There are 2 protein chains.
Amino acid sequence: MQKKQFALSVKVVILNDAGQCLLIRRPSDCQTNPGQWEFPGGKAELNERFEPALLRETLEETGLNISLTRVAGAAEYELSALKIAYIIMEGQPDSGEVILSEEHTDFAWVNSGEILSFDLAEQFVPFVKSYFKLG
Amino acid sequence: MQKKQFALSVKVVILNDAGQCLLIRRPSDCQTNPGQWEFPGGKAELNERFEPALLRETLEETGLNISLTRVAGAAEYELSALKIAYIIMEGQPDSGEVILSEEHTDFAWVNSGEILSFDLAEQFVPFVKSYFKLG
């Protein structure tokens, strides 16, 4: 059996001034994590530097210009054909209102204590518990 | 003042059958972390996929062919001109003896309980404490 390779994905926890975190929801007809909530960001593309790639992807998905503040953590997920290694950054919005692309159907600014009540894509649950220091 | 951008670096904790972890030592005339111990891996290069890039870099630095097993964690480091975001994988050697390149001066297979007695590059200390569950 062919060993599954790891691909890299870069995500961002965007925190607003009230300390709320932006979650965005995947369409219900998605192949992976249908209808589940996740963080902005995505596959790291070739020929792009790390930070500009994440800022561009975040702007496309959320309409927000953000600044990255620090490294928040890591996660992983096994798909049928490959595995995803996530590096998750922390950022803050510089400007703007959230305007979703067609890639997502809903968004919410969520207090850390409420984040686990959302149907979060399961690969992010261990990260969220550790990052937000939730039981 | 120009904001420092994050660049991405990919590292690997290689564990042998005895559960020891491979550390490699930077030359004492290095600009960053001189004489300190670190994990194999390095900057993610353009036009390379994530896993092949890390396997190639590890082979160059250590002479080892490895397999990646899982995502181990993340770290960050601030240099004078930029910040580094590290994603750290876990791997195991498939074959071979350690043969260092000119980029490093020494290596050691280290039990997890002894790892903090090495002069580890400081950016990896929080990760090491968490990953190896050290006080």
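Residues numbered from 1 in each chain as written. Chains lettered and ligands numbered in written order. Predicted model: local features only at pLDDT ≥ 70, side-chain atom pairs only at ≥ 80, totals over all residues.

### Re the overall build of chain A
Stage number 1. The secondary structure content of chain A amounts to 2 helices and 7 strands.
Stage number 2. When its helices and strands are written in sequence order, chain A yields β-β-β-β-α-β-β-β-α.
Stage number 3. Relative to the globule expectation of 14 Å for 135 residues, the C-alpha radius of gyration of chain A, 14 Å, shows essentially globular dimensions.
Stage number 4. In terms of principal-axis extent, the alpha carbons of chain A reach across some 50 × 35 × 30 Å.
Stage number 5. For chain A, with 135 residues in total, the buried portion stands at 36%.
Stage number 6. Within chain A, counting contacts between residues at least 6 apart in sequence, those at least 24 apart form 65% of the total. (Helix = DSSP H or I, 4+ residues; strand = E, 2+ residues; numbered from the N terminus. Rg over C-alpha atoms; globule rule 2.2 N^0.38 Å. Buried ≥ 20, exposed ≤ 12 C-beta atoms within 10 Å, placed from the backbone. Contact = placed C-beta atoms within 7 Å.)

### Re the pairing of strand β1 (residues 6-14) of chain A
Residues and elements named next belong to chain A.
Stage number 1. Of all 9 residues in β1, 8 are buried, a share of seventy percent or more.
Stage number 2. Examined bridge by bridge, β1 and strand β6 (residues 83-95) share 9 bridges and lie parallel to one another. Residue pairing across strands places Ala7 opposite Ile84, the latter belonging to β6.
Stage number 3. Inspection of the sheet shows β1 paired to strand β4 (residues 41-43) by 3 bridges, in the antiparallel sense. Each bridged residue has a counterpart across the sheet, and for Val10 the counterpart in β4 is Gly42. (Pairing = 2+ DSSP bridges.)

### Structural notes on helix α1 (residues 50-62) of chain A
Residue and element names in this part refer to chain A.
Stage number 1. In this model α1 runs 18 Å from its N-terminal to its C-terminal C-alpha over 13 residues, within 8% of the 18 Å that 1.5 Å per residue would give.
Stage number 2. Of the residues making up α1, those classed as buried are Phe50, Glu51, Leu54, Leu55, Glu57, Thr58, Glu61 and Thr62. Each buried residue of α1 sits inside an arc of 165 degrees when the element is viewed along its axis, so together they form one side.
Stage number 3. With its phi angle positive at about 75 degrees, Gly63 sits one or two positions after the end of α1. (Expected span 1.5 Å × (residues − 1). Arc of directions from axis to C-beta.)

### Concerning the interface of chain B and chain A
Stage number 1. Across the contact, 18 residues belong to chain B and 18 residues belong to chain A.
Stage number 2. Grouping the amino acids of the side of chain B that touches chain A by side-chain chemistry returns 12 nonpolar, 3 polar and 3 charged. (Nonpolar A, V, L, I, M, F, W, Y, C, P; charged D, E, K, R; others polar.)

### Digging into the pairing of β6(A)
Residues and elements named next belong to chain A.
Stage number 1. Looking at chain direction, strand β5 (residues 65-78) and β6 are connected through 12 bridges and run antiparallel. Paired with Arg70 across the bridge in β6 is Glu90.
Stage number 2. Where β5 folds back on β6, the antiparallel hairpin that results is connected by 4 residues.

### Re the sheet that holds β5(A)
All names here are of chain A.
Stage number 1. Spatial ordering of the open sheet is given by β4-β1-β6-β5, a layout of 4 strands whose pairing is mixed. Whereas interior strands pair on both sides, the edge strands pair on one side only; in this sheet they are β4 and β5. Sheet twist, expressed as the mean angle between neighbouring strand axes with direction ignored, is 20 degrees.
Stage number 2. Each of β1, β4, β5 and β6 touches α1; the most contacted strand, β1, lies at about 65 degrees to it. (Axes fitted to C-alpha atoms, helices over the stretch in contact; angles between N-to-C directions.)

### Quick look at the relation of the copies chain B and chain A
Stage number 1. Overlaying chain B on chain A yields an RMSD of 0.0 Å, the required transformation being a rotation through 180 degrees with an accompanying axial translation of 0.0 Å. Taken together, the rotation angle and the small translation identify this as a two-fold axis.
Stage number 2. A shared interface surface links the copies, since 100% of the contact residues of chain B are contact residues in chain A too. (Least-squares fit on C-alpha atoms with pLDDT ≥ 70 in both.)

### Things to note about the nonpolar core
Stage number 1. If you look at the biggest cluster of nonpolar residues, it comprises 66 residues, and the most contacted ones within it are A:Ile87, A:Ile88, A:Met89, B:Ile87, B:Ile88 and B:Met89.
Stage number 2. With near-sequence residues (within four places) excluded, A:Ile87 lies in contact with A:Val10, A:Ala74, B:Ala74, B:Ala85 and B:Ile87. (Core = buried A, V, L, I, M, F, W, Y, C linked by C-beta atoms within 7 Å.)

### Some details on the confidence of the model for chain A
Stage number 1. With 96% of its residues at a pLDDT of 70 or more, chain A has an overall mean of 93.
Stage number 2. Under the prediction, the complex receives an ipTM of 0.92, its pTM being 0.94. (pLDDT = per-residue confidence, 0-100.)

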